[in-house]
Amino acid sequence: MPPTAVSQPIDPIGSATNVSTGDGTSLMRGARILLEGLLKEGVDTIFGYPGGAVLHIYDELARMPNQLRHVLARHEQGAVHMAEGYAKASGKVGVVLVTSGPGATNAVTGIANAFMDSTPLVVITGQVPRKMIGTDAFQEVDTAGITRPCTKYNYLVRDVRELAEIVREAFHLAGSGRPGPVVIDIPKDVTAESCCPEPAESMRLPGYHPQLHAHDEAVNDAVKRIVNAERPILYVGGGVIHANASAELLSLAERLQIPVTPTLMGLGGFPSGHSLSLGMLGMHGTYWANMAISEADLIVAIGVRFDDRVTGSLDRFAPRAEIIHVDIDPSSVSKNVRAHVPLVGDAKTVMRQMHRCLDAAERFECADLSPLSLNSSNTVSGKENKAPIATNRDRTRTLTRWWNQIEEWKRFAPLTYEISDDLIKPQLLCQELYRLTRGEAIIATDVGQHQMWLAQYYGFKGPRQSITSGGLGAMGFGFPAALGAQLAFPDARVIAVVGDGGFQMTAQELATAVQYRTNTKIIVMNNTYLGMVRQWQEIFYDKTYSAVEMEGTPDFVKLAEAFGAVGLRATKPGELRCVLEQGLSTTGVVVMDIVVTPEENVYPMIPPGAGLKEMMLG
Ligand SMILES: Cc1ncc(C[n+]2csc(CCOP(=O)(O)OP(=O)(O)O)c2C)c(N)n1
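Residues numbered from 1 in each chain as written. Predicted model: local features only at pLDDT ≥ 70, side-chain atom pairs only at ≥ 80, totals over all residues. Heavy atoms only, no water.

Caption draft 1: Representation of the overall build of the protein within the structure. A tally of helices and strands in the protein yields 23 helices and 22 strands. Across its three principal axes, the protein shows a C-alpha extent of roughly 80 × 65 × 40 Å. Split into buried and exposed, the 618 residues of the protein put 58% on the buried side. Expressed as a percentage of contacts within the protein between residues at least 6 apart in sequence, the contacts between residues at least 24 apart total 76%. As displayed, the protein offers around 24,600 Å² of accessible surface, 52% of which is attributable to carbon and sulfur atoms. Each charge class in the protein can be summarised by its mean position, and for the 55 positive and 66 negative side chains these summaries are 4 Å apart. (Helix = DSSP H or I, 4+ residues; strand = E, 2+ residues; numbered from the N terminus. Buried < 20%, exposed > 50% of the residue type's maximum accessible area, 1.4 Å probe, protein only. Contact = heavy atoms within 4.5 Å. Areas by Shrake-Rupley, 256 points an atom, 1.4 Å probe, with all protein chains shown as cover. Lys, Arg positive; Asp, Glu negative; His and termini not counted. Charge placed at Lys NZ, Arg CZ, Asp CG, Glu CD.)

Dropping the structure here:
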């Protein structure tokens, strides 16, 4: 229930913040209610850009300087990407504040990006006063309408008395279940109006109850299938990272000795250097990960969405595999690929359930895991499962065969590239970066070839170390996202690895990085092309290059210096290590312009529309 206190307009510029009513309660204007609501949710940082419709909110912000830090981006897209980086690195909800009209539309790319990658955000947009909505007023856009398809939920606040409750709900929705962006669109007059905010007793979201536990019987059945499988594989994605379930995944994989392949969004959810890791799968995945998925008889898919960049042609995807699909979002399960055992639940909770199932089997000390067979129903999806539980000895034998096969694939097509004496190979850059950081860094990438090489050649060790735009593939994401992560962890080593094209989309945020005295490092993998598009034109359009040469690119060293940052450049393999070492150890914002081979291609590559096994190996 909204508070019952009377809403009352205050002076036009809304200068009063707290006004005592004389009966012990105090009137608060909407702008203040909003910010108090953020504080209650534990918010410490807001990424934003001011404008007319949010003036009251900015006025209140100025009155509480030590409670909420406002980071002034140079473009609203940058502000949202920063909030995404902040959220991905910290696991908290990222917060954005922008004005109406162009402020809101500039934020849409970031909002859509957060939606595709399930990043928890609360985006507050200003709106024209209520009585002007629908009049084509100055800086009016239908923010709720525009963002409806790319938000988990959105609100248009019509009454100041509802504001406190809406803020609480928005944070709950953004951060729970499958996380995502929530927009709160607030008309200017609502932020100026006052009421006595009263805490509501409970949240009014009757239809929203994310299911954390999967059904025990189904989990039992899944585990039985896993221990009976001859060629099982764990295919894991961003859902594992959102659920903070890396430890459960590691122990499950080690306990069962099953190979693990992460998606782009799942990188770091399982340590890349682990002997059970096959590296990334999909369009630019490793040969052996894609072969293993294609030949598997059982895929345990956790926190993934069977994205087309992973599956290739759906009718040729994993033809022999039964699929166990764990996901907190029921609409994701069986959306693209039918799951034989759907397990709707939180990745961490469900893997713990799986562990308990295995514990129970071990407690009975039966080599044949008979408690599983006793407890579980034998029917899933109407299909009878008559397979006897394998004995551990049999299981070891079949798994050894499976691992031998994987090793053979590894030997057949390892990740390699030609070494050059006079040009810096992009793959070498990724390897050198790993050697220097020892994998102890948060790396945000942009979109393109560099993103794929990083995924292949930089071994992400832990969760929340890889921040990238996977679903939307939004160029311009990497640098501001790195900046957001850096603002969440000022002492951490945070590096943006970007292409020369993508960097030019959001390079103006160098001003933000310098203004807030961050230590963010930017490595521009400069191939002088829009590399990934050039690669497609080379391979699929007979090398007819069209609009991919980046003429007029600025001198990135001078650009860095113009913003008050440090600029360095390497053009020869012999300079690479020295420039990286110097750049990483220099305090403050550093742009490293690394000039790499212009026409290098990312391999393996699955051509669009082909099956996972139809890889071009280069
Ligand atoms: C906003 C946006 N516009 C266009 C694209 C299409 N696109 C995908 S990759 C790419 C080239 C990226 O070039 P660059 O940033 O130089 O990185 P590289 O591929 O060379 O590593 C383009 C244009 C995109 N993903 N995002």
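Anyway, onward from the coordinates.
Caption draft 2: Highlighting the sheet that holds strand β8 (residues 181-187). The six strands are arranged β4-β3-β5-β6-β8-β7 in an open sheet whose pairing can be described as parallel. At either margin of the open sheet sits one strand with a lone partner, and together these are β4 (69-72) and β7 (153-156). On average, each strand axis in the sheet is inclined to that of its neighbour by 20°, with strand direction left out of account. With respect to the sheet, helix α2 (residues 55-62) is in contact with β3 (45-48), β4, β5 (94-98) and β6 (121-127), its orientation differing from that of β5 by roughly 125°. (Pairing = 2+ DSSP bridges. Axes fitted to C-alpha atoms, helices over the stretch in contact; angles between N-to-C directions.)

Caption draft 3: The packing of helix α3 (residues 76-90) against helix α4 (residues 102-116), seen in detail. Two elements in contact, α3 and α4, have axes separated by 7 Å at closest approach and are oriented at 30°. One way to sum up the angle between α3 and α4 is to call them roughly parallel. Between α3 and α4 lies a crossing whose hand is right-handed. For the pair α3 and α4, contact is made by E76, Q77, V80, H81 and E84 and by G103, N106, A107, T109, G110, I111, N113 and A114, respectively. Residue classes in the contact of α3 with α4 are distributed as four nonpolar, seven polar and two charged. (Parallel < 35°, antiparallel > 145°, perpendicular 65-115°, else oblique. Left-handed = near helix turned anticlockwise from the far one by under 90°. Nonpolar A, V, L, I, M, F, W, Y, C, P; charged D, E, K, R; others polar.)

Caption draft 4: Seen up close, the nonpolar core. If you look at the biggest cluster of nonpolar residues, it comprises 65 residues, and the most contacted ones within it are I299, L343 and M354. Beyond its immediate chain neighbours, meaning those up to four positions away, M354 contacts V219, A222, V223, I226, L252, V326 and L343. In this structure, V96, L121, V123 and I442 belong to the second largest nonpolar core, which totals 43 residues. (Core = buried A, V, L, I, M, F, W, Y, C linked by side-chain atoms within 4.5 Å.)

Caption draft 5: Molecular detail of the state of the cysteines. Summed over all chains, the structure comprises zero disulfides. With no disulfide of its own, C578 has C430 as its nearest cysteine by sulfur position, at a separation of 19 Å. Judged by relative accessible area, C578 falls into the partly exposed class, the value being 46%. (Disulfide = S-S within 2.5 Å.)

Caption draft 6: Expanded view of unusual backbone geometry. Here Y603 and P604 are connected by a cis peptide whose omega angle stands at -5°. Of note, the phi angle at N244 is positive, near 50°, even though the residue is not glycine. Residue placement: N244 occurs in the loop between α9 (238-242) and α10 (246-256). Taking the relative accessible area as the measure of exposure, N244 reaches 46% and is therefore partly exposed.

Caption draft 7: View of the pairing of strand β19 (residues 494-499). Of all six residues in β19, six are buried, a share of seventy percent or more. Burial along β19 is two-sided: the face carrying V494, A496 and V498 and the face carrying I495, V497 and G499 are both buried. Both strand β17 (residues 442-445) and β19 contribute to a ladder of four bridges, which runs parallel. Along β19, the bridge assignment pairs I442 with V494.

Caption draft 8: A look at the site of the ligand. In the neighbourhood of the ligand, 17 residues make up the surrounding shell, with Q449, H450, G473, G502 and G531 lying closest. Q449 has a polar backbone atom sitting 2.8 Å from an oxygen atom of the ligand. Here an oxygen atom of the ligand sits 2.9 Å away from a polar atom, N or O, in the side chain of N527. In terms of residues, the shell around the ligand owes the most to one element, helix α19 (residues 500-506), which gives four residues. Residue classes in the shell around the ligand are distributed as seven nonpolar, nine polar and one charged. (Near = heavy atom within 4 Å. Polar contact = N/O pair within 3.5 Å; in protein donor to acceptor, adjacent residues only side chain to side chain.)

Caption draft 9: Representation of the sheet that holds strand β12 (residues 298-302) within the structure. Taken in spatial order, the five strands make up an open sheet running β11-β10-β12-β13-β14, and their pairing is parallel. This sheet does not close on itself; its edge strands, each paired only once, are β11 (260-262) and β14 (341-344). Across the sheet, the mean angle from the axis of one strand to that of its neighbour is 15°, orientation sign disregarded. With five bridges joining them, β12 and strand β13 (residues 322-327) adopt parallel strand pairing. Bridge pairing links L298 to E322 in β13. Here helix α8 (residues 216-228) sits on the sheet in contact with β12, β13 and β14, set at roughly 130° to β14.

Caption draft 10: Highlighting the packing of helix α11 (residues 287-295) against helix α15 (residues 392-412). At their nearest, the axes of α11 and α15 sit 8 Å apart, and the two run at 140° to each other. On the basis of the axis angle, α11 is oblique to α15. You can see that α11 and α15 cross each other, and the crossing is right-handed. Across from Y287, W288, M291, A292 and E295 in α11, the residues of α15 making contact are W402, I406, W409, K410 and F412. Tallied by class, the residues present in the contact of α11 with α15 amount to eight nonpolar, no polar and two charged.

Caption draft 11: Broad picture of the side chain of E600. In this fold, E600 is placed in the segment after β22 (590-595). Taking relative accessible area as the criterion, E600 reaches 11% and is therefore assigned buried. Discounting chain neighbours no more than four positions away, the residues touching E600 are Y417, K425, P426, Q427, Q449, W453, R534 and Q535.

So, to be careful, I would describe these as geometric facts and stop short of saying anything about function.
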